[in-house]
Amino acid sequence: MQSSQDPAKGKLAITRFTTVKSNTSYSLLQVKLETGKKNQIRVHMQDIGHSIAGDKKYGAVTSPVRRLCLHATVLAFTHPVTGKPLRFESKVPHEFLRLF
């Protein structure tokens, strides 16, 4: 999936991010999605010229931990059948933090 060069053909996708840590090579971001489009984070980071480390499909030239440096610390949604709110949390991988 790629972003559309023609806004009339694209669908609205909103990604908000803040920098948590950074150095001369990498930045650790907190990303919040207001919409949930396929590959939204990957596409938006590429569009602003900062592909996710390890993401060769979307323009990354480095792979410092030999994997895509994208990790969800929180996933929350409403169960489609029960209607129960679900929330799952996972810490930032240590290999990401050692880059700083």
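Note that the coordinates shown come from a computational prediction; the quantities given were computed from them, not determined experimentally.

Novice: For this particular structure, what's the right way to read the overall build of the chain?
Specialist: If you tally the helices and strands in the chain, you get two helices and four strands. What you see in the chain, going N to C, is helices and strands ordered as β-β-α-β-β-α. Seen through its C-alpha atoms, the chain measures out along the principal axes to roughly 45 × 35 × 20 Å. Split into buried and exposed, the 100 residues of the chain put 19% on the buried side. If you take every contact in the chain between residues at least 6 apart in sequence, the share linking residues at least 24 apart comes to 34%. In the chain, 16 side chains carry a positive charge and 6 a negative one; their mean positions are 5 Å apart.

Novice: Mind showing me how you'd approach the pairing of strand β1 (residues 15-22) here?
Specialist: Put simply, side chains in a regular strand alternate between the two faces of the sheet. Judged from the seven bridges that link them, β1 and strand β2 (residues 27-33) form a sheet pairing that is antiparallel. The residue of β2 that forms the bridge with phenylalanine 17 is valine 31.

Novice: Explain the side chain of aspartate 55 here, please?
Specialist: If you trace the backbone, aspartate 55 turns up in the loop between α1 (40-47) and β3 (74-78). Apart from residues no more than four positions distant in its own chain, aspartate 55 is found in contact with Arg42, Ala60 and Leu68.

Novice: Looking at this structure, how should I read α1?
Specialist: Since there are 3.6 residues in each turn of an α-helix, residues three or four apart along the chain are aligned in direction. What α1 keeps buried is the set Gln40, Ile41, Arg42, Val43 and Met45. Buried-residue contacts for α1 involve β1 and β2.

Novice: Sorry if this is basic, but what is going on with the environment of valine 74 here?
Specialist: Its place among the elements puts valine 74 in strand β3. In the structure, valine 74 is positioned 16 residues away from serine 90 in sequence and 6.5 Å away in space, judged by C-alpha atoms. The residues touching valine 74, leaving out its near neighbours within four places in the chain, are Arg87, Phe88 and Glu89.

Novice: Even after reading the chapter, I still don't get the pairing of strand β4 (residues 85-89), so can you show me in this structure?
Specialist: The buried fraction of β4 is low, at zero of five residues. Hairpin connection between β3 and β4: a loop of six residues separates the two successive antiparallel strands, and glycine 83 in this loop has a positive phi of roughly 75 degrees.

Novice: In this structure, what is going on with the side chain of glutamine 40? I would like to understand it.
Specialist: Within the secondary structure layout, glutamine 40 lies in helix α1. Beyond its immediate stretch of four places on either side in the chain, glutamine 40 contacts Ala13, Ile14, Thr15, Leu33 and Thr35.

Novice: What is the right way to look at the environment of leucine 75 in this model?
Specialist: Along the polypeptide, leucine 75 turns up in strand β3. Linking leucine 75 and serine 25, residues 50 residues apart in sequence, is a C-alpha distance of 28 Å. In contact with leucine 75, not counting residues within four places along its chain, are Leu86, Arg87 and Phe88.

Novice: How do you make sense of the nonpolar core when you look at a structure like this?
Specialist: Proteins that are soluble and globular tend to have nonpolar side chains buried together. Ranked by size, the top nonpolar core spans seven residues in total: Ile41, Met45, Ile52, Ala53, Val65, Cys69 and Phe96. Once residues lying within four places of it in the same chain are set aside, the contact partners of methionine 45 are Phe17, Leu29, His50, Ser51 and Ile52.

Thresholds applied
- Residues numbered from 1 in each chain as written.
- Predicted model: local features only at pLDDT ≥ 70, side-chain atom pairs only at ≥ 80, totals over all residues.
- Heavy atoms only, no water.
- Helix = DSSP H or I, 4+ residues; strand = E, 2+ residues; numbered from the N terminus.
- Buried < 20%, exposed > 50% of the residue type's maximum accessible area, 1.4 Å probe, protein only.
- Contact = heavy atoms within 4.5 Å.
- Lys, Arg positive; Asp, Glu negative; His and termini not counted.
- Charge placed at Lys NZ, Arg CZ, Asp CG, Glu CD.
- Pairing = 2+ DSSP bridges.
- Core = buried A, V, L, I, M, F, W, Y, C linked by side-chain atoms within 4.5 Å.

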